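Notes for the structure review
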Amino acid sequence: MSEKYRLNKNLAQMLKGGVIMDVTNAEEAKIAEDAGAVAVMALEKVPADIRKEGGIARMSDPKMIKEIVETVSIPVMAKVRIGHFVEAQILEALKIDYIDESEVLTPADEAHHIDKRNFNIPFVCGATNLGEALRRIGEGAAMIRTKGEAGTGNVVEAVRHMRKIKSQINRLINMGSEELMAAAKEMRAPFNLVEYAARNGKLPVVNFAAGGIATPADAALMMQLGCDGIFVGSGIFRSGNPVKRAEAIVKATTHYQDPQIVAEVSEDLGKAMSGIDINGLTDAEKMADRGW
Amino acid sequence: MQKKWLIGAGKMEITVGVLALQGGFREHIDHLNRIRGTNAVPVKKPVELQKCSGLIIPGGESTTMRKLIESYKFKQPIINFYQQQKVIWGTCAGLILMAKEVEGENEDQLGLLDIKIKRNAFGSQLDSFVERNLIKKVSNIPQELVFIRAPIITKFNQKLEILHKKDKQITAVESDCLLGTAFHPELTDSLAFHEYFVNKIRNNKNTK
């Protein structure tokens, strides 16, 4: 493991127990920072709007990203299309803190993800199961997140992915060493990483919840399921009272094991984002199926 | 990490709190729990400080942690903890929060350590680094010092002892009851700093 990669994994560890919020301009970034976000994700349109408007979703305008970087002191992340390594080169040149190679944008390559080992900047990638998580880590991702259906306000997919990863790790833990190669073959994942997960009972990088988190209770649910922290996309700035909801989700993430506090912060938050039923989505509309 | 088999090794068990509002608190707890006679607990509410003989303020996002310290009214309880002359250690963001003054900021700090601090002093994440160095007071063995978007101490009260410098820049200080490191011993496999901290608590006359 290169020293740079180790430091990038360590950097992600410092985000644990925190909330990363999608913001579309400097003003929202400031609100997020003041509410206690550990980082912001700079993007032109939140996923709910990307779904509504359709068309090709690409990396955001560097000007807007730079304005956000100048506004806040917390780390800034931005998204690139799956496989679009030139967008990644651009974001690295802008000296932001993390790149999200994201299924929320329209994929640029249907067969290949970015070889993230070619970069010095840390990457976060989505995963629906353990094999996918380990493939992304094998490519150099320093942080993993679930691939819940972004922009739906429906947490069900994030729950599914987290439960799946956990149960697959539990299966590995109980395997004999001779079974691990077969498991690696079945999951299509690098053997050394399968072995790591089996020996340590966890991923070698932090694992955040993302996609469909809209309420403090959703955040606490994902934390109790074992996530290290939370991404909130459309859930904050497409709700009735963004400031209050942002603060509430931060507090629920810190005190996820304390129902009393989660109850207090859930009070009177105004209207949550309205949301979409995932069963109503066609396969083409499902973002989690992008990438592999 | 189970350590029950270590209890009864001749030393009274001490309880050490790790401020668990955000950041790398789990890593500190795991390190402390590997040390004989030490029981580490996450501290999420001020009342939980009462059972602790020492406290670690971990690395994380200092802006976020400061916000949560304020929301959950931790400031005065931590200052009281210090005034009872109990031992406090801050790593990275924790060190920033303990400082009297942060360059370019007016926000209220805990103000425990009479130092001025500069955030992200080495640059961005691309300038983060690991070095191996001997800090004799802590261990006879060179330690890995992990600097991640680390701060440095630019001004300090002469009464403080300097534990480590990186290219003439101060990165670790200590006093009778305080320890501050710009680097992250909890991100290495070594227990040296945590053992040093636990001994500091044990040797403190105010430890129950």
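The rules we used
Residues numbered from 1 in each chain as written. Chains lettered and ligands numbered in written order. Predicted model: local features only at pLDDT ≥ 70, side-chain atom pairs only at ≥ 80, totals over all residues. Heavy atoms only, no water. Helix = DSSP H or I, 4+ residues; strand = E, 2+ residues; numbered from the N terminus. Rg over C-alpha atoms; globule rule 2.2 N^0.38 Å. Buried < 20%, exposed > 50% of the residue type's maximum accessible area, 1.4 Å probe, protein only. Contact = heavy atoms within 4.5 Å. Areas by Shrake-Rupley, 256 points an atom, 1.4 Å probe, with all protein chains shown as cover. Lys, Arg positive; Asp, Glu negative; His and termini not counted. Charge placed at Lys NZ, Arg CZ, Asp CG, Glu CD. Phe/Tyr/Trp six-rings, centres within 6.5 Å; stacked < 30°, edge-to-face > 60°. UniProt positions renumbered as here; feature names shortened; annotations may be inferred. Polar contact = N/O pair within 3.5 Å; in protein donor to acceptor, adjacent residues only side chain to side chain. pLDDT = per-residue confidence, 0-100. Buried area = accessible area lost by both parts, 1.4 Å probe. Salt bridge = Lys/Arg side-chain N within 4 Å of Asp/Glu carboxyl O. Nonpolar A, V, L, I, M, F, W, Y, C, P; charged D, E, K, R; others polar. Pairing = 2+ DSSP bridges. Axes fitted to C-alpha atoms, helices over the stretch in contact; angles between N-to-C directions.

A separate point is the overall build of chain A. Each helix and strand in chain A was counted, giving 13 helices and eight strands. The globule rule puts the C-alpha radius of gyration for 292 residues at 19 Å, and the 18 Å found for chain A is close to it. For chain A, the spread of C-alpha atoms along the principal axes amounts to about 55 × 45 × 40 Å. Per-residue burial for chain A yields a buried fraction of 60% across its 292 residues. For chain A, long-range pairs separated by at least 24 residues make up 66% of all intrachain contacts whose partners lie at least 6 apart in sequence. With the model as given, the accessible surface of chain A reaches about 11600 Å², and the carbon-plus-sulfur share is 48%. Taking the 36 positively charged and 40 negatively charged side chains of chain A as two groups, their mean positions are separated by 3 Å.

Another aspect to go through is the side chain of B:Ser53. On the secondary structure map, B:Ser53 appears in the loop between strand 2 (38-43) and strand 3 (54-57). Setting aside its immediate chain neighbours within four residues, B:Ser53 contacts B:Ile14, B:Thr15, B:Phe81, B:Lys86, B:Val87, B:Ile201 and B:Thr207.

Our focus in this paragraph is the packing of aromatic side chains. Residues and elements named next belong to chain B. If you walk through the whole model with that rule in mind, you get nine aromatic pairs over all chains. Both rings, one in tryptophan 89 and one in phenylalanine 197, keep their centres 5.3 Å apart while their planes meet at 50°; by these two values the pair is tilted. Note that tryptophan 89 is positioned in strand 4 (residues 87-91) and phenylalanine 197 in helix 5 (residues 192-202), a separation of 108 residues in sequence. Each member of the pair, tryptophan 89 as well as phenylalanine 197, is classed as buried. A connected cluster of aromatic rings, assembled from ring pairs, spans Trp89, Phe122, Phe129, Phe147, Phe183, Phe193 and Phe197.

Moving on to the UniProt feature "binding site: D-glyceraldehyde 3-phosphate" (unreviewed entry) in chain A. As annotated in UniProt, the feature "binding site: D-glyceraldehyde 3-phosphate" (unreviewed entry) corresponds to A:Arg163 in the numbering used here. With respect to the element layout, A:Arg163 can be found in helix 7 (residues 156-173).

Under the present numbering, the feature "active site" (unreviewed entry) in UniProt falls on B:Cys92, B:His184 and B:Glu186. Look at the named residues: they lie 95 residues apart in sequence, but the longest C-alpha span between them is just 11.0 Å, so in the fold they bunch up. Counting through the fold element by element, B:His184 comes out in the loop between strand 12 (178-181) and helix 5. A relative accessible area of 0% places B:His184 in the buried class. Setting aside anything within four residues of it in sequence, one finds B:His184 in contact with A:Met14, B:Gly59, B:Cys92, B:Val146 and B:Ile148. Examined against the element boundaries, B:Glu186 turns out to sit in the loop between strand 12 and helix 5. At 2.8 Å, the side chain of B:Glu186 forms a polar contact with the side chain of B:His184.

This part is about the confidence of the model for chain B. Residues and elements named next belong to chain B. The predicted model of chain B has a mean per-residue pLDDT of 92, with 94% of residues at 70 or higher. Scored below 50 in pLDDT, residues 1-9 shows nine contacts in the model against residues more than four places distant or in partner chains. Model confidence for the complex is summarised by a pTM of 0.93, with the ipTM given as 0.90.

The interface of chain B with chain A comprises 35 residues on the first partner and 35 residues on the second. Sorting the residues of chain B by area buried against chain A places B:Tyr72, B:Gln125 and B:Leu126 first, and these three jointly supply 21% of that buried surface. Between the two partners, chain B and chain A, sit six salt bridges. Our count for the chain B to chain A interface comes out at 20 residue pairs in polar contact (both at pLDDT 80 or more). Broken down by secondary-structure element, the contributors of at least two residues to the side of chain B that touches chain A are helix 1 (25-33), helix 2 (62-71), strand 7 (129-133) and strand 8 (143-147) of chain B. Considering each element in turn, the side of chain B that touches chain A owes the most residues, five residues, to helix 2 of chain B. Partitioning the side of chain B that touches chain A into residue classes produces 11 nonpolar, 12 polar and 12 charged.

Residue and element names in this part refer to chain A. Spatial strand order, 1-2-3-4-5-6-7-8: eight strands in a closed barrel with parallel pairing. Averaged over all pairs of adjacent strands, the angle between their axes in this sheet comes to 30°, without regard to strand direction. Judged from the three bridges that link them, strand 1 (residues 19-23) and strand 8 (residues 229-232) form a sheet pairing that is parallel. Within the sheet, the bridge partner assigned to valine 19 lies in strand 8 and is isoleucine 230. Relative to the sheet, helix 5 (residues 85-93) contacts strand 3 (76-81), strand 4 (98-102) and strand 5 (123-127), its axis offset from that of strand 3 by approximately 160°.

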